[in-house]
Every structure is written in C-alpha cells, then in structure tokens.
Amino acid sequence: MIEFKNVSKVYPGNKVAVENINLKFETGEFICFVGTSGSGKTTCMRMINRMNIPSKGTVLIDGRDISKTNEINLRRRIGYVIQQIGLMPHMKIYENITMVPKLLKWSEDKMNKVARELLKKVDLPESYLDCYPSELSGGQQQRIGVIRALAADQEIILMDEPFGALDPITRDTLQQLVKQLQREMGKTIIFVTHDMDEALKLSDRMVVMDKGQVVQFDTPDGILANPANDFVREMLGEERLNRAQFDYETVEKMMVLEPICILENQTVAEAIQIMRKNRVDTLLVVNEEKHLMGQVDIFALDQRRMGTDRVGNHTKKISYLYNDTKIRDAIYYINDLGFRNIPVVNKDLVLAGLVTRASVVDKVYESYWSDYQPEGDDTIHQIKPEKMSAVEDTL
Ligand code: ADP
Ligand code: MG
C-alpha cells in the first residue's frame, strides 16, 4: 500500500509543484496520474521512490515512512521506467532485459530463468536473447521494453509517460500488454500520462491533477459518471461525456412523465373514449395506488359486447423497466428488441413514466447532434426542387 499524507513539494525558487496531496493506493492496483503538462504528476510519482523528497508531509509504503527506510531497499522494491521504452542498441536482448536484475546482483541462473519466462509471456522465441535490438522489428523491441520493466520482479513499478512518443496502434498494443502483465503478475503500477484515453483504459483508479492539486481520485467509471469540476469535464471532453450519459444516466432522464393511463375499475367504453381522444391504440392500466397492472389494446376490445366491463378484466400483462435502468439498456430494448413503448416503474411498481421511441430519438439527438448546424443555409433547398418535382410527376 502506498500513501501520501499531506504531501507538498516546493522546488527551489518557491515553485510550488504539488500542494497537500492525500492519497492511498492498494497493493496490486493500476493507478494513473493524469493531468495537463506541469500539473505535478511526475513530481508526485518521483516522491514514491525518493527521487524527489517532499517539502512537507510523508509518503508511506505498507505503513512505513519511506524517508526512514534504506534507499537501496526502496529501489529494490520499486522499478522506474522513464519516457520511451528504448533499448540499449549495443546490448543484446538478454542484457537489456536483465539490466536492473544485474544491478541488484542476481545470480546468472536466476536472470536467465526470468528472461526466458518473460519472453514466453510476449510470444517471442528464446533465440532472441542473443540478438541485438536492431535485429528485431520495432514492435518486438517495444515488447522487450515492456518486459524489461517487469524483469526485476519489483512490487511497485513507476512509469512516466512510457508510450508518449508511440504511434496510436503500437501504443494500444502495448497498453493491453502492460495491463495484462500487471494483472497476471499482481504488480502495483503507478503510471503518469497526459492522455485521458490512456488513463481511462488502464486505471483501476486514477488521480486527476490540476495545478499541483488532486481534483479527483476515483475509478474511470466514477469519474465519467460524476466529473468533479469543469477541469475534469474538459479533460474528458464533451463527446466522451455525452457517450457516458447513456451508460450512467437512468431512464428517468428520458422518459415521458405522466403517460396516459386508465384505472382498472373504469369501463371499457371509457377506455375507448380516452384512446380516441388521445389518438393512441393502447393504454396503461393502473390501480388506485398507481401500481402498474398492465395495458389494454384497442384491437382486443369490442365496445358493443364489453362496453360496461371493467378494464381490469381485459388487461394484458406487459413488460416494464425499473427507474434505475440505464439509458443504454433502455435503448437496447426499444431498438434491438423492437418494443414500441416501455413503461417505467419505481421499486414499489408505481408507474413513473413511459419510454417511447420518440424519447430515444430525442435523447440521441440531444447528446450527439445538439450543436450540429448544416453547412450553409441552402442544404434543404438543394434537395427540395428535385424531390418536389418527383412528387408532382406521380400525381
Ligand atoms: P507534470 O509531470 O505534470 O508535467 P511536473 O511534476 O514535472 O509536472 O512539474 C510540476 C511543476 O513543477 C511544473 O511547473 C514544473 O515546471 C515544476 N518543476 C518540475 N521540476 C522542477 C525542478 N526540478 N525545479 C523547479 N521546478 C520544477
Ligand atoms: Mg511529467
């Protein structure tokens, strides 16, 4: 466990880089520090292995103040990977992988064993151990770079923008690899990035930093669902937040309130009248307590024979959603399963609203298209004459 307690860092010249940080990371977590350049991410990370000394406060690992632990032991437990995962060109792959274990004075046998095991994990042949980096493809070299970071079997690994300079595809592959190896090997990884996508993809929990302060510390889901302030919202971006709405907001945000309904002890004749007046072909049926009982359908009613019957006798069962259903799921029921409307109830089965096809369209429009303006005013006019004459022709 890593803990920051009231930690501040002031650099010479009174530059406050980090101010009063309080954080607690669990063993085995993947933590990302994310924020704009100069927000204090690297400073925070380097205080974990004493490359930076806090000006105030304490950093603890497993409950022990690291300023009081032996520096050599600390480095033995904590790996550090700086920007770029470049290999040493004049050293063979084996020497590259075992650089840190060698510094830690491991036996040749142990280094050999670990190097082979790790190569296997990234599906590269053992024969590569004797090659120079230039004999491998770029992608293969990158994979060696990743396993090198894990070779010394340290419990904690600090990575400072390791993929910053890579193209998006390589970057994506290596992100997946790091995440997979971290899980398999149970490492605690502290990862610095200014890339929100990367942080959301990798983190178990992420620390969003702005101007030396922690503005939010939560899981990616928690942050997407409830961004702490405008800075976080801006870092996430409008588009991502709009998409996230579908995952985190409930149907309550898009249902029609007070849908047309009828009491079960009203008559069929009354039901038909209400349907005609509102131009609908079904009505939701509720009891005196507003509990949803089902629906009546105009095609199943015959006014002449049943006019004085109670609606309750002709009510059919109906599917419904609870009011905590996420918008994405509701859209699935409507769109993929073909429901036309779905009533929404609270946990006591009291009718709360109705999700309709139109409410889905409205929500999608509001989320994705609300800022959309067609280029130029004449888009519609361009289409119109042609279509209009087509209509006239057939008349
Ligand atoms: P980040 O990693 O988020 O880009 P840093 O932790 O590197 O941010 O830097 C935080 C702030 O501290 C920045 O304003 C930076 O200029 C300043 N800073 C970083 N290192 C030093 C240093 N050695 N001396 C003085 N100022 C520094
Ligand atoms: Mg940095």
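You'll find the protein chain entered in an unreviewed UniProt entry as Quaternary amine transport ATP-binding protein, with [Clostridium] fimetarium given as the organism. Under Subcellular location (unreviewed entry), UniProt gives the following word-for-word description of the protein chain: "Cell inner membrane".

K.L.:
Just checking my understanding: could you explain the packing of aromatic side chains for this structure?
P.N.:
Here the distance between the centres and the angle between the planes together describe a pair of aromatic rings. Counting across every chain of the model gives 7 aromatic pairs. Here Phe4 and Phe25 contribute two aromatic rings whose centre-to-centre distance is 6.2 Å and whose plane-to-plane angle is 65 degrees, an arrangement assigned as edge-to-face. Taken together, the residues span a long stretch of sequence, with Phe4 in strand S1 (residues 2-11) and Phe25 in strand S2 (residues 15-25) at a distance of 21 residues. This pair shows no difference in class: Phe4 is buried, exactly as Phe25 is. Taken together, a centroid distance of 6.0 Å and an interplanar angle of 80 degrees make the contact between Phe25 and Phe33 edge-to-face. Neither residue differs from the other here; Phe25 and Phe33 are each classed as buried. Ring pairs connect the aromatic residues Phe4, Phe25, Phe33 and Phe217, which therefore count as one cluster. Positioned above the aromatic ring of Trp106, the side-chain terminus of Lys110 is 4.1 Å from the ring centre.

K.L.:
Whenever I open this one, the pairing of strand S3 (residues 30-35) confuses me. Can you help?
P.N.:
When a strand is regular, its side chains alternate between the sheet's two faces. Along S3, 6 of the 6 residues are buried, which leaves the element largely enclosed by surrounding structure. Because side chains alternate across S3, one face comprises the buried residues Phe30, Cys32 and Val34, and the other comprises Ile31, Phe33 and Gly35, equally buried. One ladder, built from 5 bridges, connects S3 with strand S8 (residues 188-193); its direction is parallel. Across the sheet, Phe30 pairs through a bridge with Ile189, a residue of S8.

K.L.:
How should I be thinking about the sheet that holds strand S17 (residues 351-356) in this particular structure?
P.N.:
The pairing of strands in a sheet comes from backbone hydrogen bonds and takes either a parallel or an antiparallel form. If you walk across this open sheet you meet the 4 strands as S11-S17-S16-S15, and the pairing is mixed. Pairing within the sheet leaves two strands with one partner each, and these edge strands are strand S11 (256-257) and strand S15 (321-322). Relative to S17, S11 runs antiparallel, the two being bridged by 2 bridges. Bridge pairing links Val256 to Leu354 in S17. Helix H15 (residues 357-369) rests against strand S16 (341-345) and S17 of the sheet, and its axis sits at about 75 degrees to S17.

K.L.:
Can you walk me through the UniProt feature "domain: CBS" (unreviewed entry) in the protein chain in this structure?
P.N.:
When the UniProt feature table is mapped onto this chain numbering, "domain: CBS" (unreviewed entry) sits at residues 255-311. Taken end to end, residues 255-311 comprises 26% helix and 28% strand; its first and last C-alpha atoms sit 25 Å apart.

K.L.:
What is the right way to read the domain arrangement of the protein chain from this model?
P.N.:
Put simply, an interface is often sized by how much accessible area is lost when its parts join up. Structurally, the protein chain comprises domain 1 (2-250) and domain 2 (252-369). Relative placement of domain 1 and domain 2: their C-alpha centres are 52 Å apart. Taken together, the contacts link 8 residues of domain 1 with 14 residues of domain 2. For the domain 1 and domain 2 pair, buried surface summed over both sides reaches about 1000 Å², with 51% attributable to carbon and sulfur atoms. Per-residue buried area on domain 1 facing domain 2 is highest for Phe246, Glu249 and Thr250; these three make up 67% of the total on that side. A salt bridge links Glu249 to Lys363; the nearest nitrogen and oxygen atoms lie 3.1 Å apart. Taken together, the connections running from domain 1 to domain 2 amount to 8 residue pairs in polar contact (both at pLDDT 80 or more).

K.L.:
Would you mind showing me how to read the sheet that holds strand S9 (residues 205-210) here?
P.N.:
Across the sheet, 6 strands lie side by side as S6-S7-S8-S3-S9-S10; this open sheet has mixed pairing. In this open sheet, the two strands that pair with only one neighbour each are strand S6 (78-81) and strand S10 (213-218). For this sheet, the mean inter-axis angle between neighbouring strands, taken without regard to orientation, is 15 degrees. In this sheet, S8 lies alongside strand S7 (residues 156-160) in parallel orientation, the contact comprising 5 bridges. Bridged to Ile157 within S8 is Ile189. Most of the contacts of helix H7 (residues 168-185) go to S3, to which it runs at about 145 degrees, and overall it touches S3, S7 and S8.

Thresholds applied
- Residues numbered from 1 in each chain as written.
- Chains lettered and ligands numbered in written order.
- Predicted model: local features only at pLDDT ≥ 70, side-chain atom pairs only at ≥ 80, totals over all residues.
- Heavy atoms only, no water.
- UniProt positions renumbered as here; feature names shortened; annotations may be inferred.
- Phe/Tyr/Trp six-rings, centres within 6.5 Å; stacked < 30°, edge-to-face > 60°.
- Helix = DSSP H or I, 4+ residues; strand = E, 2+ residues; numbered from the N terminus.
- Buried < 20%, exposed > 50% of the residue type's maximum accessible area, 1.4 Å probe, protein only.
- Lys NZ or Arg CZ within 6 Å of the ring centre and 35° of its normal.
- Pairing = 2+ DSSP bridges.
- Contact = heavy atoms within 4.5 Å.
- Axes fitted to C-alpha atoms, helices over the stretch in contact; angles between N-to-C directions.
- Domains from an automatic or database assignment.
- Buried area = accessible area lost by both parts, 1.4 Å probe.
- Salt bridge = Lys/Arg side-chain N within 4 Å of Asp/Glu carboxyl O.
- Polar contact = N/O pair within 3.5 Å; in protein donor to acceptor, adjacent residues only side chain to side chain.

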